[in-house]
Amino acid sequence: MRILITGANGMLGAELTDYCQQLGHTILPTGRKPDLIPMDITDPKSVRRVFDEYRPEVVFHCAAMTHVDTCETHPHDAYRINAFGSELIASHCHRVGAICVAISTDYVFDGTARRPYHEYDTPNPLSVYGRSKWLGEQAVETLCPRHYIVRTAWLYGRFRPSLPQLVLQQVQAGHAATVIADQIGSPTYTVDVAQCLLQLVQTDCYGRYHLTNRGPTSRYEFVRTLLEWCGMPLRLQPIPLEAWQTPAPRPAYSALISWRLEWAQLPPMPHWHDALRRFLKQIGYTAPHDENAHPNHSADPNHDHDLYPNTD
């Protein structure tokens, strides 16, 4: 396939670029870095020029403004990038006959359900970030019939600094990591998302999907497991969400599950324990191999882009 990737220098975009190249696809990585095809997703002329020149068959739309608090304090930019940019990408996908795969977020939900959200739950975003991404979803749904809207959450991977690396660096330096203890979400490995996306676009089962690693957990539980598996001291300072004073409100519970992945006859996403184990091996740590070899403490019964709040 001839695959165009927006935001190819981001965490998921870089993972997708690498994986698609391994599979032998023709990759059209776009962005603002010198080694990428130059395209500004908010510039109509720029988007039209790239789509006319390269005529992609599939577009993975990963580019977004994901800094939650900056979105809150700069709503004009958030809506321009996350909503208007998605409108342009979806329109041109439809014009050239490309499949549009738009990456979205768990932050479209308000966190009041207290159980994992599925694809048919009604969004009610709390923040400018969440509202701008929800408007982007609606634009894709309206403007490009051949679409996949894919919500994911708590992404981490090798191509960009993310929560695991940041915590490991902090603890190795002798500092305690401050971690929100009462948010629940779905930590998700970019490798698993990339692999599932390439399967998904070959199903013709268009629509909305939740692609996260299975098993709701708290940010604190995730980080504690990370440190225990790496044999590192548990230098952690748990705090409640209400003590994390930021411009943007966060949902207290935004774990996701997928009903539609099974209905599309695709395998379920791996559990977050399995994903974290493989990620640690990738970056040079040895984690327990036994599926049951995880810390003997339960997840907090109560997510986001916190401890480090902008690793969407």
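Residues numbered from 1 in each chain as written. Predicted model: local features only at pLDDT ≥ 70, side-chain atom pairs only at ≥ 80, totals over all residues. Heavy atoms only, no water.

### With respect to the sheet that holds strand 11 (residues 207-210)
Consideration 1: Strand order across the open sheet formed by 7 strands is 3-2-1-4-5-6-11, with parallel pairing between neighbours. Each having just a single partner strand, strand 3 (37-38) and strand 11 make up the two edges of the open sheet.
Consideration 2: Lying on the sheet, helix 4 (residues 75-96) is in contact with strand 1 (2-6), strand 4 (58-61) and strand 5 (99-105); it crosses strand 4 at an angle near 175°. (Pairing = 2+ DSSP bridges. Helix = DSSP H or I, 4+ residues; strand = E, 2+ residues; numbered from the N terminus. Contact = heavy atoms within 4.5 Å. Axes fitted to C-alpha atoms, helices over the stretch in contact; angles between N-to-C directions.)

### A closer look at the confidence of the model for the protein
Consideration 1: In the predicted model, the protein carries a mean pLDDT of 91, and 92% of its residues have values of at least 70.
Consideration 2: Every residue in residues 291-312 scores below 50 in pLDDT, and together they form 89 contacts with partners more than four places removed in sequence or on other chains. (pLDDT = per-residue confidence, 0-100.)

### Here's the deal with helix 2 (residues 44-54)
Side chains of residues three or four places apart in an α-helix project in the same direction, reflecting 3.6 residues per turn.
Consideration 1: When helix 2 is considered as a whole, its buried residues turn out to be S46, V47, V50 and F51. The buried residues of helix 2 occupy one face: seen down the axis, they fall within an arc of 120°. Exposed residues lying more than 90 degrees from the buried face of helix 2 are K45 and E53.
Consideration 2: Against strand 1, strand 2 (26-31), strand 3, strand 4 and helix 4 lie the buried residues of helix 2.
Consideration 3: Between a side-chain oxygen at the N-terminus of helix 2 and the backbone nitrogen of K45 the separation is 3.0 Å; the capping residue is D43.
Consideration 4: Count one or two residues on from helix 2 and you reach R55, which has phi positive near 45°. (Buried < 20%, exposed > 50% of the residue type's maximum accessible area, 1.4 Å probe, protein only. Arc of directions from axis to C-beta. Polar contact = N/O pair within 3.5 Å; in protein donor to acceptor, adjacent residues only side chain to side chain.)

### Considerations on the environment of T225
Consideration 1: Within the element layout of this structure, T225 appears in helix 8 (residues 219-229).
Consideration 2: Given a relative accessible area of 0%, T225 falls into the buried group.
Consideration 3: Put simply, T225 and R208 are 17 residues apart on the chain and 31 Å apart in space, counted from C-alpha to C-alpha.

### Observations concerning the packing of helix 4 against helix 5 (residues 128-143)
Consideration 1: Where helix 4 meets helix 5, the axes come as close as 8 Å, and the angle between the chain directions of the two elements is 15°. By the angle between their directions, the pair helix 4 and helix 5 is classed as roughly parallel. By crossing handedness, the relation of helix 4 to helix 5 is classed as right-handed. Between helix 4 and helix 5, the residues in contact are P75, A78, Y79, N82, A83, S86, E87, A90, S91 and H94 and V128, Y129, R131, S132, K133, L135, G136, A139, V140 and L143, respectively.
Consideration 2: Within the contact of helix 4 with helix 5, the residues separate by chemical class into 11 nonpolar, 6 polar and 3 charged. (Parallel < 35°, antiparallel > 145°, perpendicular 65-115°, else oblique. Left-handed = near helix turned anticlockwise from the far one by under 90°. Nonpolar A, V, L, I, M, F, W, Y, C, P; charged D, E, K, R; others polar.)

### Considering the nonpolar core
Consideration 1: The biggest cluster of nonpolar side chains holds 32 residues, and the ones touching the most others in it are L16, F60, V101 and L197.
Consideration 2: Elements with a contribution of two residues or more to this core: strand 1, helix 1 (11-22), strand 4, strand 5, strand 6 (147-152) and helix 7 (190-200).
Consideration 3: For this core, the element with the most residues is helix 7, which contributes 6 residues.
Consideration 4: With near-sequence residues (within four places) excluded, F60 lies in contact with I3, L4, I5, T6, L16, C20, V101, L197, L198 and V201. (Core = buried A, V, L, I, M, F, W, Y, C linked by side-chain atoms within 4.5 Å.)

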